[in-house]
Amino acid sequence: MMKTGITTKWVHLISAASLLAFGPLAFGQTKPIVASINANIGLYWPQLAANERQGSLPADSKFDMVLVGNAAQQLQQLVGGSLDIAYTNCDLAMKAKDKGGDVVIVGGAVNIYPYTIMSAPDVHQPKDLVGKKAILPFKTSLLTLFLNQWLQENGVDPSQVDEVFDGATPNRYAALKNGIVAAAVVSQPFDFRAKEEGFNKFFSYSKIGEFGFTCAVVNSGWAHENADKLRRHLKVMADITDWLYDPKNKDEAVAILTKVSKQPEPLVVETYDYYFNELKPFSKGMKVTKVGLEKLMGVLKDNGDIDKKWQMADFIDESYLP
C-alpha cells in the first residue's frame, strides 16, 4: 500500500485509526514494515513493482510503502522512528552515522548513478552554463559535487553557475520545462521526455561507473529486534529485482511504472530497455557494492563530510541479506 508524506504525527494517527476500525493485530500477526522511497520514478522500480504485486506475497511479507518528499527527509524520518526502512542515498546514511545516528546499510539498491543533466536548447557545453541557473537535488549531494568537479575540469568556476536545489526529480524537470532553469539533474524517464521536447543531454552521471548510490537503510536497534521481518522484506526486494531483469516480465514491469509514474508508455519502455539491457543499475540479491561504497566513503572523507576514522564495516551489516 502506498502512502504519501508521512510524519510521526501521521503514523500515530494511522495506527489509532487502524485500531478503531479493525481492532488490535490478531495474535501471531506482525505489523507490516513501513518502507520509503522519495519519488514514483524508474530509480525505485523494484520497490514500486513489489508494492504493486503485494497480492502475491504471504501475509508476513507485506509492507506499507511511503512516498517521502526527498532523500534528506527520509533519513530524518528514519532516525526519528517514523520509518522502518528507507531506500535512500548511501552517502546520506554515512553522514547520518557520522553525526551519531543509529543507522546501518543492510542492502544495496542502485549501484550506478542513473542520472542525466538535461539542458536548455542553447546550452551545449560547460561554458554555456555560466550566468545561468542549474537545479540539483541539494547543495551537499554528490550529484552536485560531481557536476562542480566536471565544470572545473572544463574551465568553468562553479561559482559562475547559479545553483538552486530541489530534492525531487519531477520538480526539477518541471523547472527545466518551464524555463525557470537552464539545466536540471533528472532520472529516467524524465531525461528521455526532455530530449523529445528539444532539450539537450548535457552530462551523464553513468560515466562515473559503479559507485554506491542508493541503499536499504535501517535503524540498527530496530533491525536487531525485527531481524526475521527484515530478512523477509529484503528477500522480497531481491526476488522482485530478479523478476524485473527477466525479459519475459517486461510488459508487466512497464505497465506498473507507467501507472505509478504517470509517464507515457513509450518513455517507460525506453527506460526499461536502458536499465535492463544496458545500464543494469539495480543490485541483484540486494548485495552491497563494496567497491562502490569504498569509493563513496573516500570521497566523503576527502570532502570533510565524514570523519576519517570510519571503516566500511562501520556502515554495513550484510547479515540480513537473503
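Scoring rules and cut-offs
Residues numbered from 1 in each chain as written. Predicted model: local features only at pLDDT ≥ 70, side-chain atom pairs only at ≥ 80, totals over all residues. Heavy atoms only, no water. Helix = DSSP H or I, 4+ residues; strand = E, 2+ residues; numbered from the N terminus. Rg over C-alpha atoms; globule rule 2.2 N^0.38 Å. Buried < 20%, exposed > 50% of the residue type's maximum accessible area, 1.4 Å probe, protein only. Contact = heavy atoms within 4.5 Å. Areas by Shrake-Rupley, 256 points an atom, 1.4 Å probe, with all protein chains shown as cover. Lys, Arg positive; Asp, Glu negative; His and termini not counted. Charge placed at Lys NZ, Arg CZ, Asp CG, Glu CD. pLDDT = per-residue confidence, 0-100. Disulfide = S-S within 2.5 Å. Phe/Tyr/Trp six-rings, centres within 6.5 Å; stacked < 30°, edge-to-face > 60°. Lys NZ or Arg CZ within 6 Å of the ring centre and 35° of its normal. Salt bridge = Lys/Arg side-chain N within 4 Å of Asp/Glu carboxyl O. 1 Å grid on protein atoms, 1.4 Å probe; cavity = no way out; pocket = protein on both sides within 12 Å on 5 of 7 lines; lining within 4 Å. Points joined across faces, edges and corners; volume = space filled by probe spheres on them. Nonpolar A, V, L, I, M, F, W, Y, C, P; charged D, E, K, R; others polar.

## Some thoughts on the overall build of the chain
Thinking step 1. What the chain contains, in helices and strands, is 12 helices and 11 strands.
Thinking step 2. Taking 20 Å as the expected radius of gyration for a compact globule of 322 residues, we find that the chain reaches 20 Å, a close match to that expectation.
Thinking step 3. Along the first, second and third principal axes, the C-alpha set of the chain runs to 65 × 50 × 35 Å.
Thinking step 4. Taken over 322 residues, the chain has a buried fraction of 57%.
Thinking step 5. A separation threshold of at least 6 residues defines the contact pool for the chain, and within that pool the share at least 24 residues apart is 80%.
Thinking step 6. Accessible surface computed for the chain: about 14,100 Å², of which carbon and sulfur atoms make up 52%.
Thinking step 7. Distance between charge centroids for the chain: 2 Å, based on 34 positive and 36 negative side chains.

## Some words on the confidence of the model for the chain
Thinking step 1. The predicted model of the chain has a mean per-residue pLDDT of 88, with 91% of residues at 70 or higher.
Thinking step 2. Note on residues 6-27: pLDDT under 50 across the span, and 17 contacts to partners over four residues away in sequence or across chains.

## Here we look at the state of the cysteines
Thinking step 1. Summed over the entire model, instances satisfying the criterion amount to 1 disulfide.
Thinking step 2. The disulfide that involves Cys90 links it to Cys215, with 2.1 Å between the sulfurs. Between Cys90 and Cys215, the S-S torsion sits near 95°, and that sign places the bridge as right-handed. Note that Cys90 is positioned in helix α4 (residues 90-98) and Cys215 in strand β11 (residues 210-219), a separation of 125 residues in sequence. For the pair Cys90 and Cys215, one class covers both residues: buried.

## Here we look at the packing of aromatic side chains
Thinking step 1. Counted by the stated rule, this structure contains 18 aromatic pairs.
Thinking step 2. Ring centres of Tyr113 and Phe146 lie 6.0 Å apart, and the angle between their planes is 75°; on these two criteria the pair is classed as edge-to-face. With Tyr113 in the loop between β5 (103-112) and β6 (115-119) and Phe146 in helix α5 (residues 142-153), this residue pair connects regions lying 33 residues apart in the sequence.
Thinking step 3. Looking at Tyr113, the relative accessible area reads 1%, which means it is buried.
Thinking step 4. Linked through ring pairs, Trp45, Phe192, Tyr245, Tyr272, Tyr274, Tyr275, Phe276 and Phe282 together constitute an aromatic cluster.
Thinking step 5. Positioned above the aromatic ring of Tyr245, the side-chain terminus of Lys284 is 4.8 Å from the ring centre.
Thinking step 6. Over the face of the ring belonging to Trp310 we find Lys309, whose NZ or CZ atom lies 4.8 Å from the ring centre.

## Brief notes about the pattern of salt bridges
Thinking step 1. Here the structure, examined in full by the defined rule, presents 11 salt bridges.
Thinking step 2. A salt bridge links Arg232 to Asp60; its shortest N-O distance comes to 3.7 Å. Here Arg232 is found in helix α9 (residues 227-245), whereas its partner Asp60 is found in the loop between α2 (45-52) and β3 (63-67), with 172 residues between them in sequence.
Thinking step 3. Accessibility expressed as a relative area gives 37% for Asp60, which makes it partly exposed.
Thinking step 4. For Asp246, the salt bridge identified is with Lys248, shortest N-O distance 4.0 Å.
Thinking step 5. Overall, Asp246 belongs to the partly exposed group, its relative accessible area being 28%.

## Digging into the layout of surface pockets
Thinking step 1. Of the volumes computed, that of the second largest pocket is approximately 150 Å³.
Thinking step 2. In terms of lining, the second largest pocket is formed by Ala50, Arg53, Ser56, Leu57, Pro58, Ser61, Arg232, Lys235, Val236, Asp239, Ile240 and Trp243.
Thinking step 3. Considering each element in turn, the lining of the second largest pocket owes the most residues, 6 residues, to α9.
Thinking step 4. A class-by-class count of the residues in the lining of the second largest pocket yields 6 nonpolar, 2 polar and 4 charged.

## Considering unusual backbone geometry
Thinking step 1. Across the junction of Gln188 and Pro189, the peptide omega takes the value 5°, indicating a cis bond.
Thinking step 2. With respect to the secondary-structure elements, Pro189 resides in the loop between β9 (183-187) and α7 (190-196).
Thinking step 3. Phi is positive for Lys262, which is not a glycine, with a value near 60°.
Thinking step 4. Looking at where Lys262 falls in the secondary structure, it is placed in the loop between α10 (250-261) and α11 (265-279).
Thinking step 5. Using a relative accessible area of 69% as the deciding quantity, one classes Lys262 as exposed.
Thinking step 6. For Met286, which is not glycine, the phi torsion reads 60° and is therefore positive.
Thinking step 7. Mapped onto the elements of the fold, Met286 is located in the loop between α11 and α12 (290-302).

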